[in-house]
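Breakdown of the fold
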Amino acid sequence: MKKQGKGTYYIIIGILLLAFLLPFIPLVINSFAYNFRWPRFIPSNVTLRAFKYVFYENSNTYEAILNTLIIAISVVVIDVIIAVPAAFSLVRYEFKGKFIIKAVLFAPIIIPSFTAIMGMYVVFIRLSLTESIYGVILAHILPTLPYMLKALMVSYGTLDIALEQQAMVLGSGPISRFIYISLPHILPGIVTGASLTFLISISQYFLTFLVGGGKVITISIVMFPFISGGDNAIGSVYGLLFSSLAIINLILIDLLLKKYYKKRYFKII
Amino acid sequence: MWQKSRPYILILPSLLIIGTLFFGGLILGVLQSLGFMDVEGNSHFTINAYKQLILSKDFTNSLVLTLKVALVSSVLSGVLAIVLIRLLFMLGENRKTAIFRKIFQMPMLVPHITAAYLIMLLFMKSGWLSSITYFVGITKSMDAFPIVVNDPNSLGIILTYIWKETPFIMLMIFPIMSRIQDSWLEIAQVFGARRQEFFVEVIFPLIIPTWLSSMLIVFAFTFSDFEVPYLLGETYPKFISVYSYNMYYNGQLSDRPMALAANFILAIITAMIGGLAYKLAKKGYTKEVRW
Amino acid sequence: MAKLELKNICKKYESEYTEPFLLTDIKLTIEEGEFLSILGPSGCGKTTILRIITGIIKPDSGSLFVENVDITQKPIEKRNFALVAQQPLIFPNMNVIDNVAFGLKMKGISKGERLDLAAAMLSKLGLKGLEKRFSSQLSGGEEQRVAIARALVVKPKVLLMDEPFNALHEELRINMRELLHNIHKENRVTTIFVTHFKEEANFLSDKIVSMSKGKIDEIKKL
């Protein structure tokens, strides 16, 4: 590859990289600005006013963070518990109706969950699930479960059935087989699925708003008034908060997976 | 007997939840749109809601707008994804391009409402880019900056989707490309193929099914998305999702069947797109098995 | 004038599968039309030499000459060689005839002409009728013959073969050996053939280069 040819590619990709990073700039700048208005493009004074508001003055912030985390983690736990056996079944067994069942389980990836939730709304009211964190958790299962299933199915797919059979021959029952053979193997799938589930759950606005009615406060809910024509600085700080959560999630996953693969490195088959 | 029903029992919890919550909700929605279980608790079958919907100018305008925006967003995202993938391929696999790849994935860290917000901060008349163009002298006033957000062409919305969905499409394609081992590139090069020719002759045909299928998924998503048009859209015409939401929560109780009818139409359309995407993805899988 | 010359090629070679070794001071000459075998046990560096000749690997020092021209820095795609590897590497997204015509396409030869040339070559190798098939529909022997057809049809300056018959069973190996021998008698394509089977080298070659542990032990003319 001629050096000169590569040069133009680097220039083009440089421009595109800049374009992709561009939206992050006002996010960061606005967070530290006061009275930052057109035509200024660099804030005249740097201030932590917005941060103070978000983290000290607005009591809702901590409730929002707490709720967001509680909901996300609950959804992850529930998803793992019900998806692990389901993924196992889908990978290992052939059975009648499998295609339809798969279609049903993966439908929420393509059909928006709010259509189902809006149809369910009356039932939710009757079951006192509206304006309740339990209702929101339930609702968040819909868009997240298919992704957890997918991640686990990929993991199970690489688990050689011969290993399980070997364990059976050695006298291991289904539960201990699961604990000692399957579980260690599908750990990366669980971690990947959990990470996706977490990301999707914290990113929800509409679903949380529909079910929670504004009473269940998550970060996206508390952020909304500020970004729909409110204080840009405060909205930006909430935006940063969001991104930080997502980045922490990603870094955690990366570390966990690295540790996992390091430990099992000797297991070259 | 236990053995036979085993697969079903393992699936049951997941199936139950999705079955009752998701499909139950859809079915209830359809039933309500057909006149059952209305506000006063009465039920009588009627397709009135659908009739009103089809006759409603608001609805048809919404549908057309949403379809247009979804089409443009998905196609542009798909094209940009391929351009970026080819660029990254031409630059080869090294630490630099690995970092580039990570940077292009960054929009995935940001939820859609925040992404919409960021595009707004950038492109509104009083926004950051406007300040820069004023400073540099390209625009002489706030008004001189073109309308990008809250505009009749939904430019802001489209930009948000492109920013968010291009990384998604790239993510879908990467695993396919990583399966093509170096030995294939090497032998092609021995026979005279330069990198760009290898991309056209070997890589591109291989990723087309996955590329198309993920564009369809993006289409289905942008077609049904609520949050971005809610934030950045104009008051008229509304996007389908916003139209339905508005009708259900801000309208008369008697409007609810119409809102649910709109939801049903939305669900049907996305379901059909999903079926198509699935068929294409399957074709892509059988093609790549031999690498 | 020698067709191909390796002068003082050195390469420090590290792989995950074998211990690192040194390719030291490799001097090799092959004449136009000659069939040269590089014979040696696994891990002796013979495949590395081949990869250096194609340009896939760059040597640490030394140079490579083709018809007295230094091509050490020339990129892979410009060298005008051909390669038949251990795996047939038939592109799965193209049918047989498009595979065979691939090198011609890269040279810019028009569609009609290159398909004709490809068809003729396939016929010569006994593969007539398989033009529209895909790699998944071919047997191992057929695939490898397609790979050979693809290599021969471009009329390469040097034909490089890296243990191409290893993956085939005994009877097929012998058949392929004879096929290759006959083709070479007819075409006189300059060929470098890597193998660890002595009988194979003896049967096919005009010259055998024996190697072990990164060094050339002996060069024997037959």
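Note: the structure precedes this text.
Residues numbered from 1 in each chain as written. Chains lettered and ligands numbered in written order. Predicted model: local features only at pLDDT ≥ 70, side-chain atom pairs only at ≥ 80, totals over all residues.

With respect to the interface of chain B and chain A
- Taken residue by residue, the interface counts 64 residues in chain B and 61 residues in chain A.
- For the side of chain B that touches chain A, the secondary-structure elements that each account for two or more residues are helix H1 (2-33), helix H3 (57-91), helix H4 (95-104), helix H5 (112-123), helix H6 (128-136), helix H9 (195-224), helix H10 (227-232) and helix H12 (256-288) of chain B.
- In terms of residues, the side of chain B that touches chain A owes the most to one element, H1(B), which gives 19 residues. (Contact = placed C-beta atoms within 7 Å. Helix = DSSP H or I, 4+ residues; strand = E, 2+ residues; numbered from the N terminus.)

Describing the interface of chain B and chain C
- Chain B puts 17 residues into the contact, and the matching count from chain C is 20 residues.
- With six residues, helix H8 (residues 182-190) of chain B is the single largest residue contributor to the side of chain B that touches chain C.
- Tallied by class, residues from the side of chain B that touches chain C come to nine nonpolar, three polar and five charged. (Nonpolar A, V, L, I, M, F, W, Y, C, P; charged D, E, K, R; others polar.)

Observations regarding the environment of C:Phe203
Residue and element names in this part refer to chain C.
- Mapped onto the elements, Phe203 comes out in helix H7 (residues 198-204).
- Residue class for Phe203 comes out partly exposed when judged on the 15 C-beta atoms lying within 10 Å of it.
- Along the chain, Phe203 and Arg177 lie 26 residues apart, while their C-alpha atoms are 8.1 Å from each other.
- With residues near it in sequence (within four places) discarded, Phe203 still touches Arg177 and His181. (Buried ≥ 20, exposed ≤ 12 C-beta atoms within 10 Å, placed from the backbone.)

Some thoughts on the arrangement of the chains
- Among two pairs of chains with at least one contact, chains A and B form the most extensive contact set.
- No part of chain A reaches chain C; the closest C-alpha pair between them is 8 Å apart.

Quick look at the sheet that holds strand E5 (residues 69-70) of chain C
All names here are of chain C.
- Sheet architecture is open: four strands sit in the order E2-E1-E4-E5, paired in antiparallel fashion. The strands lining the two open edges of the sheet, one partner per strand, are strand E2 (21-30) and E5.
- In this sheet, strand E4 (residues 61-66) lies alongside strand E1 (residues 4-13) in antiparallel orientation, the contact comprising five bridges. Note on E4: the bridge partner recorded for Leu6 is Leu64.
- Together, E1, E2 and E4 form the strand contacts of helix H1 (residues 46-54), whose direction differs from that of E1 by roughly 120°. (Pairing = 2+ DSSP bridges. Axes fitted to C-alpha atoms, helices over the stretch in contact; angles between N-to-C directions.)

Here we look at the pairing of E4(C)
- As paired elements, E4(C) and E5(C) share two bridges and run antiparallel to each other. Opposite C:Phe65, over in E5(C), you have C:Asp70 as the bridge partner.

Digging into the sheet that holds strand E7 (residues 159-162) of chain C
Residues and elements named next belong to chain C.
- Read across the sheet, six strands follow the order E6-E7-E8-E3-E9-E10 without closing on themselves; strand pairing throughout is mixed. At either end of the open sheet lies a strand with only one pairing partner, and these are strand E6 (82-84) and strand E10 (215-221). Each adjacent strand pair in this sheet contributes to an overall mean axis angle of 15°, direction not counted.
- As paired elements, strand E9 (residues 207-212) and E10 share six bridges and run antiparallel to each other. The residue of E10 that forms the bridge with Val209 is Ile219.

The values reported here are purely geometric and, on their own, carry no functional implication.
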